[in-house]
Amino acid sequence: MDQRKYNIYFHTHTISGIIIAALLFVIFFAGSFSFFKDDLTAWQKGKSHSHVQSQADFNYVLDSMGTKHHLLGRNFDFYILRSGQETYVNMSVSQDTTISKPEVKSEKSKGRRGRGSKNEDSAYFLHSFADKSQSSYEEGYNIGEFLYRLHFLAQLNQIPIRLGTPFGYLIAGIVSFLFLFALITGVFLHWDKIKNNFFLFRPWSKWKTVWTDMHTVLGVIGFPFQLVFAITGIILIVNFALIGPFSKLLYNGDQEELYQDLQYNRKMEVTYSYQPLSKSFDVNAFVNNWMKEWPESDISRLYIRNYGDKSMQIALETKPKSNANFAGSGYVRMQVLDGKQLEVKSPKTDATYVDWVKSLVYHLHFGDYGGRTLRIVYFVLGLLGCVVIISGIMIWLVAREKPNIPTYKRKFNFWAANLFVSISLSMLPVTAFTLIMLKFSPTINQSLIYNLYFYSWLVMIIYLLILRDLTKVNKHTLVLSAILSLGVPIANGLTTNLWLWNTLQAKSYDIFFIDMLFMTISLLSVFAFFKVKKQGKTFKILK
Amino acid sequence: MPANKKYLTKSPWIRLCRILLGTIGGYTVMLSFHVLLTEFFPKENVIATAFFTGYLLWAFLLFWAFLEPKLLRLVLTYIGLTLLFSLPYLINH
């Protein structure tokens, strides 16, 4: 073994790892729960999606908007959620300048996850097909959305620093790139022992050995999974790092054209004719017709341009069901006036290479190709990642707890580790606490969830820091996790009468699942607490 | 125990140098390599592939910046490879 190289592997792995440890834990923890985003949403709202199959009624949305607005010449974008039960609707101002002042907003910012424009005559809202209710983004906000957005640090976007992308996304991107770097250095570091130590686990040894084994064994087992998430994570959050330069070099700076080549955006420029369309148009019939044509795919987007004008166009985007086709995308664009199809791409047969790569990124990251079973496996693997991070912090700390290291350095190390561990371990009780509190809150919106989660997190972190003892931090969070996680199904039953047996009977499997998940977590916390109490060896830092 | 300091770069300035070189040099080598590939394959396919290979290659090239003992060779390799890979592009444009 080359001593120089080994020590470089060691040092680069340690430094890149400890810098990102706390943030990466947040990303992994929130990300793991995001696999159950739809279930959490259903749980919070008390409305199951499992057994309701409501028809997507676009005509209803248009009609109801028509009672409040003059629809002529407007553009509509529908972004249908994965459950198929809800859709975001984006309605622009009219293209007809005799009706409206033209929008100041450039075409560029559209279509890429905009939060809707600020223009008063336009609208952006969430529509539920099931009960035909509409809510603004803030009202429709829920704990599933919160955890999902926390896992790419979207809440940090409030900090007004912009370096090409919102601040939170940038940090999340840098963390995932350093994570990739730490994974590579970690494999090099452990390479010589990878075979011999594959199953090496010595739980009765001293703590440092236990943590090292945990870190290396689980790290090796989880490596493929974590590598996939590091890379797909970078792609999903900071791909502008590649897109920007590529568009400059290969597309003469025209990013729109690149996005169209990669099929993120579709070109749909239609000049307004100022001649009203004489016939009415049935959007539902159009959608149903194509869904019959492509039965094994789900509708993902629907675009309408120049509503009610002679130039009106409609386009539909579909994604194949993952059990039918892993990759592909369907697209059809039609001129309404004469029913002429301007573009057709079948989701079954016309999959391109770009479709394959994009599907690979999405399916691998969202784990949506194998039902709930696969999502549970992903969830557990994600939590194993959390364990690897925590054990990494512990190794880092105890390796530096030597008499020959000056006290001020040891003090710093202890407080850093104490902070990181407190941030990490408090996430579970805080999540359970927020879920319980939401059940007792009459109205739920974005700011309430922010306040509940972030303030309780802050209080919890300060409390754990004051303990100044990592063993106590562990025990206290375990007790709190056990109690609060058990409180989740109880709070749900008390407030909505959706007790476990009722949801199971009603086939509301999504709500049932969340309750069961937290029951299981509670039981595991109790088990872990007694294990720690009985066998946990105390270790002293700075005493 | 922490890594043995004897084998690590001592000067913080040289260390910063290595990090910056690895980040920037690694990126330019990676980008020019993929631009080179667009000479042979459809560009949208190359860009899509680069989503995976690009970040991985970049991370490896950054890693190499810490391993290479001679700083000069590091600089020359990054510059040399970038120029070599971008030759067809520079000639064509």
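Residues numbered from 1 in each chain as written. Chains lettered and ligands numbered in written order. Predicted model: local features only at pLDDT ≥ 70, side-chain atom pairs only at ≥ 80, totals over all residues.

A. Inspection of the overall build of chain A at higher detail. If you tally the helices and strands in chain A, you get 18 helices and eight strands. For chain A, whose C-alpha radius of gyration is 26 Å, the value lies close to the compact-globule estimate of 24 Å for 543 residues. Projected onto its principal axes, the C-alpha coordinates of chain A cover approximately 85 × 60 × 45 Å. In chain A, which comprises 543 residues, the share counted as buried stands at 41%. Across chain A, the fraction of contacts at a sequence separation of at least 24, relative to all contacts at a separation of at least 6, is 69%. (Helix = DSSP H or I, 4+ residues; strand = E, 2+ residues; numbered from the N terminus. Rg over C-alpha atoms; globule rule 2.2 N^0.38 Å. Buried ≥ 20, exposed ≤ 12 C-beta atoms within 10 Å, placed from the backbone. Contact = placed C-beta atoms within 7 Å.)

B. Just helix α6 (residues 167-190) of chain A, in detail. Between its first and last C-alpha atoms α6(A) spans 34 Å; for 24 residues at 1.5 Å apiece the expected length is 34 Å, and the two agree. Summarising burial for α6(A): 18 of the 24 residues are buried, a large majority. (Expected span 1.5 Å × (residues − 1).)

C. Expanded view of helix α15 (residues 446-467) of chain A. All names here are of chain A. With 22 residues, α15 should cover 32 Å at 1.5 Å per step; its first-to-last C-alpha distance of 32 Å lies within 8% of that length. Considered for burial, the residues of α15 that qualify are Ile449, Leu452, Tyr453, Trp457, Met460 and Leu464. The buried side chains of α15 occupy one side of the element, clustering within an arc of 105° when seen end-on. Opposite the buried face of α15, at more than 90 degrees from it, the exposed residues are Ser447, Asn451, Tyr455, Leu458, Val459, Ile462 and Ile466. (Arc of directions from axis to C-beta.)

D. Inspection of the confidence of the model for chain A at higher detail. Scored by pLDDT, chain A has a mean of 88; 94% of the residues are at 70 or more. Within the model, the stretch residues 105-117 of chain A combines pLDDT values under 50 with 11 contacts to residues more than four positions away or in other chains. (pLDDT = per-residue confidence, 0-100.)

E. Molecular detail of the interface of chain B and chain A. Taken together, the contact between chain B and chain A spans 27 residues of the former and 31 residues of the latter. Listed by contribution, the elements that provide at least two residues to the side of chain B that touches chain A are α1 (12-37) and α2 (43-67) of chain B. When residues in the side of chain B that touches chain A are grouped by element, the largest group, 18 residues, is from α2(B). Across the side of chain B that touches chain A, the residue classes break down as 20 nonpolar, five polar and two charged. (Nonpolar A, V, L, I, M, F, W, Y, C, P; charged D, E, K, R; others polar.)

F. Expanded view of the pairing of strand β2 (residues 86-91) of chain A. Residue and element names in this part refer to chain A. Most of β2 sits inside the fold, with five of its six residues counted as buried. The pairing of strand β1 (residues 76-80) with β2 spans five bridges and is antiparallel. Paired with Phe76 across the strands is Met91, a residue of β2. In this structure, the hairpin formed by β1 and β2 is closed by a connection of five residues, where Gly84 is found at a positive phi of approximately 80°. (Pairing = 2+ DSSP bridges.)

G. Just the nonpolar core, in detail. Residue and element names in this part refer to chain A. Within the largest apolar cluster, 115 residues are counted, with the highest numbers of intra-cluster contacts made by Leu24, Val175, Phe179, Leu180, Ile234, Ile389 and Ile393. Broken down by element, the residue count for this core peaks at 12 residues, all from α6. Those residues in contact with Phe179 that sit more than four places away from it in its chain are Ile20, Leu24 and Ala230. Ranked by size, the runner-up nonpolar core spans 23 residues in total, among them Ala56, Phe76, Val283 and Val287. (Core = buried A, V, L, I, M, F, W, Y, C linked by C-beta atoms within 7 Å.)

H. Just the domain arrangement of chain A, in detail. When cut into domains, chain A gives domain 1 (3-48 + 163-236 + 365-535) and domain 2 (58-129 + 264-351). In this structure, domain 1 of chain A and domain 2 of chain A have C-alpha centres spaced 40 Å apart. (Domains from an automatic or database assignment.)

I. Seen up close, the packing of helix α14 (residues 427-439) of chain A against helix α16 (residues 470-496) of chain A. Residue and element names in this part refer to chain A. Closest axis-to-axis distance for the α14/α16 pair is 8 Å, and the angle between their directions is 20°. When the axis of α14 is compared with that of α16, the two are roughly parallel. Between α14 and α16 lies a crossing of left-handed hand. Contact with α14, carried on its side by Leu428, Pro429, Ala432, Phe433, Leu435, Ile436 and Lys439, involves Thr477, Leu480, Ser481, Leu484, Ser485, Gly487, Val488, Ala491, Asn492 and Thr495 of α16 and no other residues of that element. Its residues assigned to classes, the contact of α14 with α16 comprises 10 nonpolar, six polar and one charged. (Axes fitted to C-alpha atoms, helices over the stretch in contact; angles between N-to-C directions. Parallel < 35°, antiparallel > 145°, perpendicular 65-115°, else oblique. Left-handed = near helix turned anticlockwise from the far one by under 90°.)

J. The arrangement of the sheet that holds β2(A) in detail. Residues and elements named next belong to chain A. In spatial order, the strands read β4-β3-β2-β1-β5-β6-β7-β8; together these eight strands make up an open sheet with antiparallel pairing. Of all strands in the sheet, those bounded by a partner on one side alone are β4 (134-135) and β8 (341-345). Here strand β7 (residues 330-335) runs beside β8; their pairing, made up of four bridges, is antiparallel. Directly across from Tyr331, in β8, lies its bridge partner Lys345. This element, helix α10 (residues 283-293), spans β5 (297-305), β6 (313-320) and β7 of the sheet and lies at about 35° to β6.

K. Representation of the confidence of the model for chain B within the structure. In this model, chain B carries a mean pLDDT of 92, and residues with pLDDT of at least 70 account for 99%. Interface predicted TM-score (ipTM) for the complex: 0.96; the corresponding pTM is 0.91.

L. Spotlight on unusual backbone geometry. Residue and element names in this part refer to chain A. A positive phi angle, near 55°, is found at Arg468, a position not held by glycine. By secondary structure assignment, the location of Arg468 is in the loop between α15 and α16. With a phi angle near 65°, Asn497 is a residue other than glycine that sits in the positive phi range. Among the secondary structure elements, Asn497 is positioned in the loop between α16 and α17 (500-505). Assessed through the 10 C-beta atoms surrounding it within 10 Å, Asn497 is described here as exposed.

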